[in-house]
Structure formats: structure tokens, C-alpha cells
Amino acid sequence: MASKGWQHPYVNIFKHVRVEDWKRSAKEGDVSTYTNKTLKCSVFQIRGPVPANSYILVPKNSNQSLGLTGRYFYLLFRPTPGKYFVVHLDVSAEEGQMVRISFSNMFKEFKSTATWLQFPFLCGAAKDSVYESTAKSARHGLVGPAPISVRWTCLMLDLQYTVSVYLNRCYSHVKSIKLCANMTVKNMFTSDLLLDPGVSFSEAKLMGLASSQGTGPMPRDMSFPVPKGGSWHELYDYIRFPSEGTKLPFDSIQKGSPRHEARCVSNPRSPIREKARCVNLSKPVQDRVSLIQQITTPKSLPRNQTPVVTNIPELGLVSTHQKDDRLWNNDHHHQQESACSNSHELTSRPPCESDEGGFHVYMHGEESEEEFICTPVPHPVHLTSSKETRQQKLLPDPILRLNRIIGFGGATTKCALWTKAGDAVVYPCHAIIVSMKISSNQQRFFIGHTDKVSTLAFNGNTTLLASAQTGHGVVRVWNYNKGNCLAMVRVHAHSISSLSFSYGGGILCGVGKDSHSKTMVVVWNTLNVSKGGEVTILAKAHTDVDIHTIKVAFFDDTRMVSCGRDNIRLWRVRNGSLRSCPVNLGEYHSMDFTDVAFEEGNSSNWHLDDRTLFASSRSGYIFEIDYSRVVIRNVRRLLPVQQQHATRRDKWTFYTGPGIAINSISVSSSFCATGSEDGFLRLWPLDFSAVFLEAEHEGPVSLVSVSSDSLQVLAGTSTGNLGFLDVSSRGYNTLMRSHTDTVLGFSVDGIRRHLTTASSDGTVRIWNMDSLHQLYDFVSEDSPSSVAFHPSEQVFSCGFSSGIVRVFDISSAKLLAEHKQHRGEVVGLAFSPDGEFMYSADSQGSLALYDASEEDHSVIKVVCNVVARDTERAPDALTVSSDSRCLAFVGPSEYIVTIADARSLDELLHVDVSILDVESPRLDSALKVCFSPASTEHLLVATSANKILWVSTKTGRLLREVSKVQKHQCSSLAVSEDSRYLLTAGHNAVKVWDYNMQLNINSQMFIGHSQAIRQVSFTPDQLGVVSVGDAIFLWDFLANPVDSLTDNRSPLRVSHISTPRSVQPGAEVSRVQLSTGMPRQTAPLPSSPPPRLDVSTLDQVDQGVLGSLSICDDTTTVPAVPVPTTGSRPSSDPSPAVSFLKVTELVNPSPLNTSHMDAVELKGKKPARPDCYRHFIPRFKSSTLYQAAVAPQPGEEGIKLKAVIGYNGNGRGNMVWSPDQGLFAYSCGCVVVVEYLHTGSQRHLQGHSEEISCLAVTNDAQTVASAAGGSNGSKSLICIWDVLSGTCRNTISYHRGAVQSLAFSRDDCFFLSAGDFSDLEVALWSCKTFQLLSSVSVSGPIHDAAFSPSAASQLACVGSEGAYFCLIHTHGLDVDLKVQRVKAPTEVGDVELTALCYHVDTFLFTATNRGHVCVWDVNTQQCFMTWEADEGEIGVLLCRGNRLLTGSNTRWLRMWEVEAVQGMKPQANVCSGEDSGTMVVLEQEIMLDGTTVSAAFDNTMDMGIVGTTAGTLWYINWSDNSSTRLVSGHKTKVNDVVFSPDERQFATCSEDGSVRVWAAPSNELVVQFQVLNQACGCVCWSPSSSKDSVCVAAGYSDGTLRIFQLASSEMEMKLHPHRVVVTAIQYSANGHVILSAGKNGLVAVSSSVNGATIRVIRDHKGAQITTIQCVNEQCKNFGLEGNEMWLAASSDRRVSVWAADWWKDKCDLLDWLTFPAPAYFGDESPPPSLAAFCPADPSLVVYTGYGVEKELSFYSLVKKQIIKKIALPHWATCISLSCKSQLIAVGSKERVLKLIKSTSGRFQDFLQHSDSLQTCHFSPSGTLLFTVAYNEILLWEVQGL
């Protein structure tokens, strides 16, 4: 192969190897020859059911090579019809790497690794055949077996192009070819000429084609015969790769389009101008597009409305440079001008354009993420041409250069090596090998592995480096000094765990697992690898012996030693075989050996007898082995320091006790180093007499290695730390720390060049970007998910998977704030560039706005259901514009991108990305969003269709789009500050793009990550790029900055960089300068030696909720340099927080409310919500109260509240009972219910608008106090009620937050109120005037308060900070409240005191959140006794006489006898009830249905009432240990409530899966049907008149229907007609069938007799059904046959009306109503579409839903038109029509129940609900009305308007 001239012009391969002799070629399976009639020559036929079993292979031996250097490979073959075939080409690159190129019609898609390319082959069909027409309609060839009409084919592969583009390698030669069944082959050849088989020699001569021009006709012996007058292309197929035109699937080998085949041959790659073509849209698509365009036509919008863009038209002007045909040429490395092409001008195309004429923007490595490697490699050879088109590409090339990697390990932390000089360390970081200079931390990289590196090995002088990777057995040998790969060896093994070079580098030994999981030892000959020679196998052995480590003896290349579980073996290569013998271990044979090491010394003068071998084990033993005799010489054991225990006096011996596992051992000439599981690196003398030096690490030491000069010892830990011990100075230097799991996200502090990262390992770390040192390590039990640095301060925030957001101050190392607004994982976290605000988003759709100008980062606003609900957009789901005015995110659905006001979260624009491509078979969804910093009018959106869209932030119009951005979906994107470059990440590749997309080659791709990249971004100074995933990659960004832009954007130039841990007080930093950061400078070297590892100096920090906070001591100390400033801060001060509060918190602000909010929001830092259930937290509501409601005059109400069904289990202490006076009151929602137990009647105290938190009653039972939050952000409201008259005597508005507790004094003179955790204040009021007497601020949240039953001036409170003993001092008219705080006793630990009650005169009982009861002496204020009364938190304490009641969240209600407490005397020490001899006796206990939240008992504690979180009030009778339900209610959301036809019963269903049937009018629970783990969404009654046959049918979230028989209280039948949530259910009017609808819009008709699905109606498919109603009505008047009508309404504002006769199985569509509506721009889902028949006239259908106007529409089925409309002030959430008095009940999200007279339009508003209404139903007679808001069920008596 010295001369390549013999291969010109081509090489006939079959002739070259004399294939018919089968000496230099091989055949296997069914291979035969025959004469083909079409070609009129002998051909080879390869057949077989399995392609791999029948083949022709050239050359025959694998150690031989064809050596064919021709650029083009030609194959003349015909695939066997109906069969599969495979072809393998083994190609060598100039770097020595072997690459297999395979193509087959078996492959469904293109696949790529570093050594294997798999291309799908799409067989063409004969012209005008049915297969060809099918292929055309599908826009691609036939995937799968070849069609019957497949033709003889000439296939041409451009090997140089393939190797260059797909692997970034330089093609060298073809090594071997393997043709596998099933095919017929004429021949194959290689050539440097681009030959055209369709041109004869005479035609070529006339055209002037010659080999000197690089082209020509096909050689005669390779050509296919063509009859006279015939056309070659009519008979045969010519397939070229790469080809031109659109290819689906991409990266496939297939026949090109005819227009390309007929082109001028001399210019095979010249671009062709095509005419624009238009897409023919179908009628439904045209209608859809037309409707969208009508709706989205720009129009004047009200100020408060949000414009929504659902269609984004293309702009022809912008698309000129994108849809130019020059960009869609495949070969982007070189393009030749075409002699046949007549135009190269750029012309704009019409917006209507076919997919087949679509554009492709090609860039480096467009198709594969493994094509371009980020280290310098030789450039591919370009095809030369006489006329070469000059291409514009992204410059410089490369534009990124890998600078640093923060990380160590990946697959292993047991591998790191010293260089011979001891100046550098080599270690793996996932798939990259890093060499780091220990003096400067400078790194260089060895890149080539496609999976994580599992082991490394050096030869003796460290010139050769060997490495192996996990997965497939690939071993690489590198030239260490030059950094290039010398050889790559593929081993038939996986999990190569150990490699070892011989000292001279001639032998390489490795250990792995074969395909049968047996251990395989391989020895390679690497003697000539540095000279370009091949690596060959010397010997190989398979064994069942376990081997951890193997090492080649430095004194003999043929000898090795290995160790593993239960064995140490010596190996030797002799005569081509590998043999071993075990060391006789004797009694130590059952031991796990971890490492072996030879005694230092490479002199060949040493006799073999003097060789000593050391081995270590996991049980702590160190073995000294005589190498020559193969026996143990000495055994030593490493034992931990023994501690004396009172219970154990046994002394540990050599054989007993736990040893310290030794993971690694390294021996020098003077000492031995060991690394052990206890985290210590120890240095021993060779006699192991004593440790003379040790260093403690943070985790187990997995690796030790002594340098060749014995002055330094390298150590690695399993926690990802790498460092070395300087033996002479005894100083330790940490080289690298790393995360031990995936890095999820990062943020950069541009001023101090700090980088913070969050990882799946549960840590948040802060790094110095120059020194790579880890500065801080924040550890939490909660897993972090996203991080963000403040743009100017040393503050960063972190979001966690639990939804918590924490803000940290780095300079003081303390927690500034903790927020728990989120319920899902925090997927987005960002600061505004001006530093005024912070934003967070979670996976449940919530978005929060914080005030970042204050230290506590208080919450300004939280909005729900605005962000798309998932975690795939983490960690950068939010983006803020550079001017801090706009915030963008994906939501509320994955198809919508929302742009909101960054100061108020008011939505400005919605952009629907799902309808951009009307031809796409699936909806496109948005993945990532990013603002362009230089142009705030540009928002970039990455979509699931692998596109990036440029969207106008003003209009929402599409400005530009780029397709096929990454091979996989784009996981992150960023724009440079000057908006010249775009950065994208997809899977494990980073791409840099020209932002304007105006080049021929717009991008460059860089790989290196072994896992998916989670986030990528430019550094603030624009000089670097950071990408994170498996590790942290720091890249140099080499693009030249634009000076004008830089100067304009950052007029403040800084000449020095300051990297202290805190900003100097005198330094001023301009906010203008912060956006670009400062120029990077080299970090100064430390002036003193690095600190010792075993000397730990940790600052005392406020750990708060963190598990630990450590400050790493291996940080280089940099003197603080003040930042010189030449400018001043911006003159425009940010607006005060008050203005935002007015906008975000108030619907209709008034001066009074505004002043209240000023006081609320400008107060100091709010404490965190306490972790105990006893503290009241109002249920979250997104609804707001309608302030302009028109309440009826007293006595004129059209409906009157008759009963409240249920009890609010979310309240605390919200039930009172006075047995002597017979008063029983409780709260449900915002209503206080006074119930008379003997009659069951109710009286309702109505005055609150929010959820009531607690109640209190005076001792004379004449007055009741209730507390609830204020409406629209105002202060809480306390109402004082007169029980007899039912009127409100007085109101108090004082507390800013919710009211936690209320209490009256024993003499009813004083009244106490305590605020919640947001208002740490206790207020004392006069009961006569209810004027404030005194108030006291406390240090922590209060949970409970009570007055002394004997002394009216004494009271007590308990809370998070302990117990508060209070005393009322009265001085005339002045009243003071003296408070003494006492912490909880240390015996109960760190607890919160949750409840309290007094016992007689001098004792106080308190409970804790861990189940303890503490007894205090009131006089001394000391706790003298405790006992554990429960396993959980006790929230209720009640004491009467000597009996104590405890109620907890374990559902246990317990009664204790505490008489013995009175005999106790206070002691200095707290004693337990058991130790003191005092017996606290548990008398009785009852388990209830939920956590106890309220309790009231009589004076003897024999009977009482208890409330639980399940919404139940229980009557407890201790005398017979019984419990009886007094009041029942739903705990979760009630989805439906409906009366039975006879109105004797009603049924309710809930999210908790329960269906409850109640008796009317007593409203008592009759029966409950519970289905676990499902939600019940709808319920209905059967129309049967027989009491015994009455049934209730319910629909559930799993798609099932269940029919319950009330007579037997059992489930009668279970149906499963749906696969999605059932949203509506109804019996037909005659009860013969059941109609049910699912969330997907399908309506199922099921038999009520046998449950069979009779039919499925699909007309509403795709839109959720909200309503189904059936009525008895003869349909003859409408021209259809039927005896009943039914309707269905769906969320797409469509209503279908049907005529049915179910006995005759008839169901015909009567009418189809569609109501128009503009695009929806609300915060949450659109209002529901609701429809109902008018009871008085079923020919009228009443509809309401989202539309142009808020209104009720009356549609006549007879006249086919809307005959009447009634305007509404709000969107309706529920409606019901009464058969009496023509009344309509309408509920809204604004908590208003509106009663409307349909004839006159007269209405009344009722505001008795505390949340938005979701259901309302009139009874069949129209005399009663049910309304539901969440779990509040109100029953009204209808009186009429």
C-alpha cells in the first residue's frame, strides 16, 4: 500500500480478491452463482432466513485489510423481494480508528456511535408500480422488506463524506466488506471518481466528461446493459449517499427524486432553484385557519384583557435567508457551481410552501450528536473542484474550547494516576479523561470514549496511557504527551474493571466480563503502538475466579498478579497461553481482597526471591506475600480505636471485632499508603509498626497512589473528592471536588465569578470558576432542583423538590428566608436583572413573585395553574427580559407560552405554538423559553418538534423559525448578551448558532458529556459557556466581541476583579455593569501552603432547616481588591412595594384597604409556618369576593338558607357546646351554624366572607365569637354574636393574618385573640365595649390560649417557642398584659407546644407535637412532670375535675385519670409519670375517623362533642364508650349533589371517592359507598318510582360506572365504558339506559340491566363533556321519531341535542349548536360550557359558557335560533333551572349565587359561600335548591322572586 496508483481509476473488488476461488474471500450459508437474464452475466445470490448467517466476506481473515483508498464505494446489487439484507463496511480513519458503516432495510432509523454508523436503506420500486405511488404518497421509500418490483441498483457511498461528517474523522481506506443475505450481487468497486451509470462512453465524450475532472461514465465491466433506444434510469435505480432533497427518515440511504437524477452530471452538488409550491388545505383545515385568523385579527382590546395569539403567520421578508435552496444541500462542506443552474440570487418565497420543498439548515454535525469532538483534530479533506462555491459559516471554527471540567469519577473513583514527574494527575470524569497540573490546576483532555471511563493505566515513564469504558469493551491507548489516540481495541467483554501496563509499555493487561458473565483476562502486545503498529492479543483466559484488580509486575512483562474475592493469584504468559496459580491463603481464604502492590524498586538486579507483594482486604487485613514461594509472609490487621462499654467488656483480638476495610494500597521504597473505608489516608513504615502520618477525608478513601519520588500521595474518595498529601510539609491540597450525581442546574455570579450548582446528590455547592475550588457546600434532606444567584448581592436562592424555596446569604452563611408556597417541585427560579424581584414556579402550575429588595424576600403574589404542570422544563422554566419588565414561561398548558408583567404577574400575551404547523400529525408543545437580551422584543421558544421559534413579545407573531435544531429535543437554550449567538443543548451535545441564521452553515456542535445536558448558558462576562449534566463543563467562548455593543451596554469598565467571600462595605457596584460582568483575570496563587485536611475550621452558622452547611477549607485565599466605580447607581429608583400590592392583591381597591395593606406588607420579616397541624392554615382559594353584589332587602329574599350540610374540619377550635344552656354551634365555610340538638333545626349567623378559623363562647352561653380572614387582603374579622337574637353585636378587625385562637375569661370580662404565624401578636379586649385593652408581640407562633378557670387575671398561651404565662394588671382604666416565656422542658426534646388546659387552680397541662403531656406549676412556672400520651401530635387538651382528654393526629381520643398529679410537689428535675411513682392512668380510648381539631365536654367529662378533620362532629359517651355521628360532611371537594325524584333523599359525591346518600328533611347520612384511590365526579338517580328498585349511579376517575342499590346498600353493577375520567352521567328519562361521558368527549350508552355498552357517540371527541341531561318529550314536532330528548355540552362550546327511543335502539341527532368565542386569556381553564332544557318548555335550550359576552342564551329547537339573552356580570360556573316560577340559579367563581327570573330579568345576589361555586341543583319540584362551593353544601328554601 506504499503506492496508490494501482487503484486508479477504480478497483474491481471481486476480481481483486478472486472471489470465486474463496481463498482470499469467505462465504457462509446459502451462497450460489447463476446467470441473470437481465444483466446477462453471472451473479452471486445470497439467501437465508437470518441475514447474519449467510454472507460473503472479503478479505477472508480479520487480520488482513483490503487497503482500498477510493473515496467512493459502488455496489451493484438487487435486494431480494420481500426479504431483508445487511451490508457492513469496515473503514479505517487516518487516526487509526476502525469504523463500521452498515446499511440495511431492517434498520428503522439512523443510529450512531463513535465506531458504528447504521443507516436505514429504503428500497425503491419500479416506475408506475403501486409501490412507487405508495412511496410518493408517503413522501419516502418503502420501509421494511424490499417490494416485489425492486430493481437492480447501483449504490454509491461517499465514504470520505460519511466519515468526516458523522464522526469528524479523516477517511483512510476500506478494510473489509461483508455482504449479508438476502440479495443478488453483480460486483462492487471503489474509485476516486464520481461516476454516472446512466451515461455511456460516447455520451461522456460528447459532454467532455473526463477523469481529470473527477467524473466519468461507469466502466464497461461494471455497467448494466441498456437496450438501444432505452434509458438507463427507466430500467435501474441509481442511489447516492449523500443524496439531495427531503429525506424521511433523515440519514437514510434511498433513491433520490427524479429531478435530481436528471441533473447535469458534472455538478453533482450544485444547488438548484425550485419553484415555490403551495399546500392544498382540506376544507376543515381551511375553516380552522380562517376561524383562527378572524379571531386573532388585531383589534382594540380593553386595557385589562390579554391578547392571545393562536396563529402565527410567516413573514416572507424574514424567511428569505432561511428558505433559500442553497441551505438545503446535503454536502455542506463543499458546494460546486452548476453549469446547468442559472440563478443564485436569494428570492423570497410565498408563505404557502410544501413540506417537500422545505428548507434544511445544515451545520456541523447536524445529524448526529457524536460527530464533532471538542478537541482539535485534523480537518476532513474537502472535495476539490475547479469552481468551488465560497460558503459562509460560523466563525471562528471552533467557536468553543473546553477549558475546565469540575468533576471526578463517574463510573469509578478508584482510578487516578501520577505522571512520572509528579507534576500532574490523570483521572476520569465520566467519558472524558482529564490531566491536571497540580501547581496551576490547568487541565487538558483526552476525548474519544462514548461511555463512562472505568479504568486507567500508565506505562513506567508515563508516555502511554490506556483507558477502558463501561458497557461495550473498548480499550484505547493514548500518546499522553501529544494527547492523541494511538489505537482502539474492541474486546468481546463488558465492564472492563482494571487495566495495567508493563513498565516498558510493551504489555497491556485487562480484566472484564465476557458474555456469560465469566471473568476474562486479556493480555495485549502494545510494543509497536507508538510507532503506528497494531495492538494484538498475546493471550486470553476465561475463569470463574473473581478479580477486582490486576497488575503487571514491573520486573517482568510476562508476570501479573491479581486479587479478588477469596483469592490472590499470580499469572504468567508463556507460549501464547495465560496461566495462573493461587497464593495459599490458608485460614484467610474467605476474604474479599481489594488491591495489590509490589514493593517499590525497578532494578533488574533484584533477585526474584527478594520480591515482596502486598495485598489489602475489606476486613482490614494487610498481607505481605513472598512472591517466589507464593505463600504468606506476614499478616497485619487495621482495627478501629477500641472504646470501653459498660455492657461489653470483651477485648477485641486479631481475629475478632470489626476491622477497617482497606480499599487501596500503594507502596514506595520507604513507606506504604493505605486508603480505608473510615475516610483515612494512612502512611506506614514498611514494617507497619505505627502510623506516622494520616489525613481524614469526608468519605471513604477509594484510591491511594504514591508518586514516583515518594514525596506526594494521591487520594480519592467515593464522594468525588481528589487531593494529595505532601509528605514533607504534611500539608494537604484538594485538587477536585465533585457532585456524586447528576447536576440539575446552575447559576453564575458574574461579579465574583462564583458558580452555584444543584445536584441530585442532595447538595447545593458554590465554586470558584477560576481555581475550581469548592467554596461552600449546602446539604439538605430535601433534594434541590434549581438555583439562582442575585445579580448584585452575595445571595442565592434554591428551590427544592418539596416545593420549598430558600434564600441564602453567602457572606454571612445564613438562611435569609424560607417559603413554602409551592406544593410541587420547583422547576424555575430567577431574579430580575435589576435585583428587585425573585420568581419561582413549581410542577403543579403555581407561580410566585417575591420582593428581592428586602432581606426576607417576602411573597408579593402567588398565582396558580399558570405554568405547565410537569418537571421536564426544570431547572430554567422561567426567563426574565433584560429590562426586568417581562417574565415568560410555558403555561398554563404545554402548548401555550405566556408573557407576563414581571412586576405584577399580570398576563400580557398568550402564544399558542400548537397550531403553527397545520400539516403536522401531532400538536407541537413548548419546552423552553428565553428572552433575547439585546432585543427584548424577541422571545425564543424551543418546541417538542425540535424547532426554535422567534416570537415577537409585542404581537406574538412568528418572526423566524429553525427546524431540526438538535438530534434530540432541545433541553436548554440561551442567547448571548449582544444577541449575536444562540446556545442550545440537546441530549449530550452543545450547539452554538448564528443568532440571525444568515450563514450557509449556521452552527457548530460540541460533545463531551456522557449524559443528557440539563442546562447551558453564557457566563455574564460573555467570555465563557457553562454546561452541566454529568459534570460541570466550563468552555471558552472564542467569538470576537463587538466593541460598539460592549461599550454601549457596559460603560463602566473595571480593571480588577474582586473575589472575596463578601462584598466590601465601601465598594459600590453599578447595576448597569452587572449585566455583562467583568473581564476575567487570572486568580492569584496562594501565598501560603494549603491547609491541612485534618484541621477543620467551620464557621458557626444558622443552619435553620438545613441538614448541614460546610465551608470548604481548601479554598485559595484571595486578597480583596476594591472595585473602582466611575459611575453612579441608576437615577430611576424602583417603585415602592406598595404599588405592586395594590395591583396584585386587590380586585377593587379602596383607600381603607390600601392603608391596611401598607401595614401588612411593609412590616418586617414573616416567620415560617410552624410544622404542626394544630396551627390553622386557611384552605387555598383562587377565587375572590365580588364586592358589587346586590344583596336582597331583609324579608324580600327569593331563597332562604335552610340548612348547612357538613362541618369544616379544616378549622381549629371551631365548635362550641354549652351543655347547661343547650348551645351547640360550629362553623362550615363562612357560616356559623347554631343547631338545636333536640329538633335538628339550624340557625345561621352570617357575616363573614372567608373561612372561619375558630369560635369561642362566653361562660353564660349568651355570646359567641367567630374569627375569619378578611376579604381581598384586608385584616381578619372577628364577629361578636348575640345568641338569642342571632345578630352581630360588634366586629373587630385587628390581626393582619388569620386568628389562631379566641378565649373568654371566667368572669366574661376579658376576651383574648391570638394571631397566626404571620401575625405574632396577642390582643386583650374588653367584653363590654370590645375595645383593645392591651397587646403583646411574642417571639414565635401561638397555637392555643386559655384563661385560668379560677383566676380571671391569669391566662396562658403555648406555641413554637414554649409556654407563655400571662398576668393581667389593672390600673384604673389602664390594663397591662405581663408575659413570661418559658421554654419546653429539655426532656421532651425540640418540640412545639400545641395545646393547653388548666387543672384546678395551680396546674397547667400542655401538649407537644410529639405526643407528650407536660404538667406545669402555675406559681413557679416550672414543668415538673411529663408523660408520653400519644404517638403523634396532640392538638386538643381538655380537663374537667381529675379527668384529662387528649386528641391527636393519630385519630385516638383518650381519657386519662390525673388525680395523682395533685399530690406531686414541684421538683428541680422533671420526672415522668412512671419514674415518679405517680400513676397517670389511661381510662378509655376511642379511635375516630380523623385528626381531632375541636372538643367540648360537660363538667363530669362523661359526654361531649368532638370534631375531626374528616368533617365529622361526634357525640362521645364515655359511660358506654360509644360514639355517634352528629354532623357529617365531606372532607374534600364535592363534585355533585342531586335530589332523588321523590325528594326524600339526596346524593352527594366527592373527590375522595365517596358517594353519600342523605335523608331529607333531616339531612342525616343514610349510607356511604366508598371507592378507594378514585375520585367520584358525577352522580345521578334512577327514575324508578319503586322504593325497592331505586338506584344511584356514579362515574369515577378510572373510567368506571358503579350502580348502587339503596334497598340493599350494596353495589349492584360495575361498568367500564370509558378509559378516561367520567365527567357526566345521567339515566335516560325512562331509565332503560345510562348515558355517561368521559374527559375525551366520548358518550357511552350502557344498558341499565346488564351493563353492556350499546353504542358510543363520538361527535364530541376531543373535548370534555360537561353536561348531560335527559327529558321526556315526544320528538314528532321536530320531524324525528323518539319519545325523549337528551343533550350533551362540551368544553369546545358545542351542544348536541338528540332524539331517542331506546326501546327501538334509535338515537338521532336533532340539532348541533356551536357558540363562537375569542381566544381565552384567563389565568386558569376557561369557564365551563353549560346547557339545560327549559323545564317549562323542553324545546328551549339554555346555554352559557365562554364566549364573546357573558350571558345566558335561550335557543329554540323549533325556530333554530337564539330567541333571548340575559346578560351576566361574571362567567357562570354552574346553572340550574327550576320548574317553578321560571327561576334560574347561576353560580360563579366570584362566590356569588345569582337568582334570576328568566321572564323579567330580575335577580338577587347571595354571598353565603367562602369559595367559588361549582354545583347548584334545584329539586324536581323546584322548592329547594342545593349549592356547593368546595365541600360546603348549602340547602336553600325557594320562595320566589
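Rules used in this analysis
Residues numbered from 1 in each chain as written. Predicted model: local features only at pLDDT ≥ 70, side-chain atom pairs only at ≥ 80, totals over all residues. Heavy atoms only, no water. Helix = DSSP H or I, 4+ residues; strand = E, 2+ residues; numbered from the N terminus. Contact = heavy atoms within 4.5 Å. Areas by Shrake-Rupley, 256 points an atom, 1.4 Å probe, with all protein chains shown as cover. Buried < 20%, exposed > 50% of the residue type's maximum accessible area, 1.4 Å probe, protein only. Pairing = 2+ DSSP bridges. Phe/Tyr/Trp six-rings, centres within 6.5 Å; stacked < 30°, edge-to-face > 60°. Lys NZ or Arg CZ within 6 Å of the ring centre and 35° of its normal. Axes fitted to C-alpha atoms, helices over the stretch in contact; angles between N-to-C directions. Polar contact = N/O pair within 3.5 Å; in protein donor to acceptor, adjacent residues only side chain to side chain. Salt bridge = Lys/Arg side-chain N within 4 Å of Asp/Glu carboxyl O. pLDDT = per-residue confidence, 0-100.

Attention shifts here to the overall build of the protein. Scanning the protein from terminus to terminus reveals 10 helices and 131 strands. In the protein, the proportion of contacts linking residues at least 24 apart, taken out of those at least 6 apart, comes to 53%. A total of about 73200 Å² of accessible surface is found on the protein, and carbon and sulfur atoms cover 49% of it.

The next thing to look at is the pairing of strand E5 (residues 55–58). What you see with E5 is no split at all: Tyr55 and Leu57 on one side and Ile56 and Val58 on the other are buried throughout. Sheet topology places strand E2 (residues 26–28) next to E5; three bridges connect them, and they run antiparallel. By the bridge assignment, Ala26 is partnered in E5 with Leu57. Across four bridges, the pairing between E5 and strand E12 (residues 171–180) is antiparallel. By the bridge assignment for E12, Val58 is matched with Ile177.

Any two aromatic rings considered together are summarised by their centre-to-centre distance and by the angle between their planes. Considering all chains together, one arrives at 65 aromatic pairs under this definition. Between Trp232 and Tyr238 the ring centres are 6.5 Å apart and the planes differ by 85°, which places this aromatic pair in the edge-to-face class. By the burial criterion, Trp232 is buried, and Tyr238 matches it. Summarising the aromatic geometry, the rings of Phe778 and Phe796 are spaced 5.3 Å apart at their centres and angled 70° between planes, so their arrangement reads as edge-to-face. Placement of the pair is Phe778 in strand E50 (residues 774–779) and Phe796 in strand E52 (residues 795–800), with a sequence separation of 18 residues. According to the relative accessible area criterion, Phe778 is buried, its value standing at 3%. Taken together, the ring pairs connect Trp152, Phe224, Trp232, Tyr236 and Tyr238 into an aromatic cluster. A cation sits over an aromatic face here: Arg1602 above Tyr1596, 4.7 Å from the ring centre. Above the face of the Trp1771 ring, Lys1750 is positioned so that its terminal group lies 4.9 Å from the ring centre.

The subject of this paragraph is the sheet that holds strand E81 (residues 1263–1268). Sheet architecture is open: four strands sit in the order E80-E81-E82-E83, paired in antiparallel fashion. Since the sheet does not close on itself, it has two edges, and those belong to strand E80 (1252–1257) and strand E83 (1287–1292), each with one partner. Pairwise comparison of adjacent strand axes, ignoring direction, gives a mean angle of 20° for this sheet. In the sheet, E81 pairs with strand E82 (residues 1277–1282) via six bridges, with the strands oriented antiparallel. Looking at the pairing, Ala1265 lines up with Ile1280 of E82.

Reading across from one edge, E84-E85-E86-E87 is the order of the four strands in this open sheet, with antiparallel pairing throughout. With partners counted over all chains shown, the strands left at the sheet margins are strand E84 (1299–1304) and strand E87 (1332–1337), one partner each. Adjacent strand axes in the sheet meet at a mean angle of 15° when their direction is disregarded. Relative to strand E86 (residues 1321–1326), strand E85 (residues 1310–1315) is paired through five bridges, and the arrangement is antiparallel. For Ser1313, the partnering residue across the bridge sits in E86 and is Ala1323.

Okay, the environment of Asn105 next. Along the polypeptide, Asn105 turns up in the loop between strand E8 (98–104) and strand E9 (111–112). Given the relative accessible area of 0%, Asn105 is considered buried. With 39 residues separating them along the chain, Asn105 and Gly144 place their C-alpha atoms 5.4 Å apart. In contact with Asn105, other than residues within four places in its own chain, are Lys83, Tyr84, Phe85, Phe121, Cys123, Gly144, Pro145 and Ala146.

Moving on to the environment of Gly750. With respect to the helices, strands and loops of the structure, Gly750 is situated in the loop between strand E47 (743–749) and strand E48 (754–759). Put simply, Gly750 and Asp1021 are 271 residues apart on the chain and 6.6 Å apart in space, counted from C-alpha to C-alpha.

With respect to the element layout, His790 can be found in the loop between strand E51 (784–789) and E52. In this structure the side chain of His790 is engaged in a polar contact, spanning 3.1 Å, whose partner is the backbone nitrogen of Ser792. Only 3.2 Å separates the side chain of His790 from the backbone oxygen of Gly835, close enough to count as a polar contact. Setting aside chain neighbours within four positions, we find His790 in contact with Val795, Phe796, Phe831, Gly835 and Ala852.

We now examine the environment of Ser1540. Looking at the secondary structure, you find Ser1540 in the loop between strand E105 (1534–1539) and strand E106 (1545–1550). The sequence separation of Ser1540 and Pro1583 amounts to 43 residues, and the corresponding C-alpha distance is 8.3 Å. Once you skip the residues sitting within four places of it in the chain, Ser1540 turns out to touch Gln1545, Phe1546, Trp1581 and Pro1820.

This part covers the pattern of salt bridges. The final tally for this structure, using the stated rule, is 47 salt bridges. Its salt-bridge partner being Asp423, residue Lys437 comes within 2.9 Å of it at the nearest N-O pair. Residue Lys437 is located in strand E22 (residues 432–437), and its partner Asp423 is located in the loop between strand E20 (417–418) and strand E21 (424–429); the two are separated by 14 residues in the primary sequence. Asp906 is paired through a salt bridge with Lys861; the nearest N and O atoms lie 3.6 Å apart. Placement of the pair is Asp906 in the loop between strand E61 (896–901) and strand E62 (907–912) and Lys861 in strand E58 (residues 859–863), with a sequence separation of 45 residues. One salt-bridge network, held together by shared partners, links Glu624, Asp626, Arg629, Arg633 and Arg636.

Quick look at the confidence of the model for the protein now. Residue-level pLDDT values for the protein average 81, and 81% of them are 70 or greater. Within the model, pLDDT remains below 50 along residues 128–142, and this stretch shows 25 contacts once partners closer than five positions in the same chain are excluded. The low-confidence segment residues 643–649 (pLDDT under 50) makes one contact with residues lying over four places distant or belonging to another chain.

Now for unusual backbone geometry. Of note, the amide linkage connecting Asp397 to Pro398 takes the cis form, showing an omega dihedral of 5°. Considering the arrangement of structural elements, one finds Pro398 in the loop between strand E18 (308–309) and strand E19 (400–406). Note that the residue after Ala874, namely Pro875, is joined by a cis bond; omega there is 5°. Within the fold, Pro875 resides in the loop between E58 and strand E59 (879–880). In this model, His987 sits at a positive phi of 55°, which is unusual for a non-glycine residue. Mapped onto the secondary structure, His987 falls in the loop between strand E68 (981–986) and strand E69 (989–994).

Moving on: the pairing of E80. Among the six residues that make up E80, five are buried, leaving the element largely enclosed by the rest of the structure. Two strands pair when backbone bridges link them, and E80 and E81 are joined in this way by five bridges, in the antiparallel orientation. Paired with Ala1256 across the strands is Ala1265, a residue of E81. Hairpin connection between E80 and E81: a loop of five residues separates the two successive antiparallel strands, and Ala1261 in this loop has a positive phi of roughly 60°.

Three- or four-residue spacings in an α-helix give side chains the same orientation, since the helix completes a turn every 3.6 residues. Most of helix H3 (residues 159–167) sits inside the fold, with nine of its nine residues counted as buried. Among the residues of H3, those classed as buried are Leu159, Gln160, Tyr161, Thr162, Val163, Ser164, Val165, Tyr166 and Leu167. One side-chain oxygen of the residue at the start of H3 lies 3.3 Å from the amide nitrogen of Gln160, identifying that residue as Asp158. One or two residues past the end of H3 sits Asn168, with phi positive at roughly 55°.

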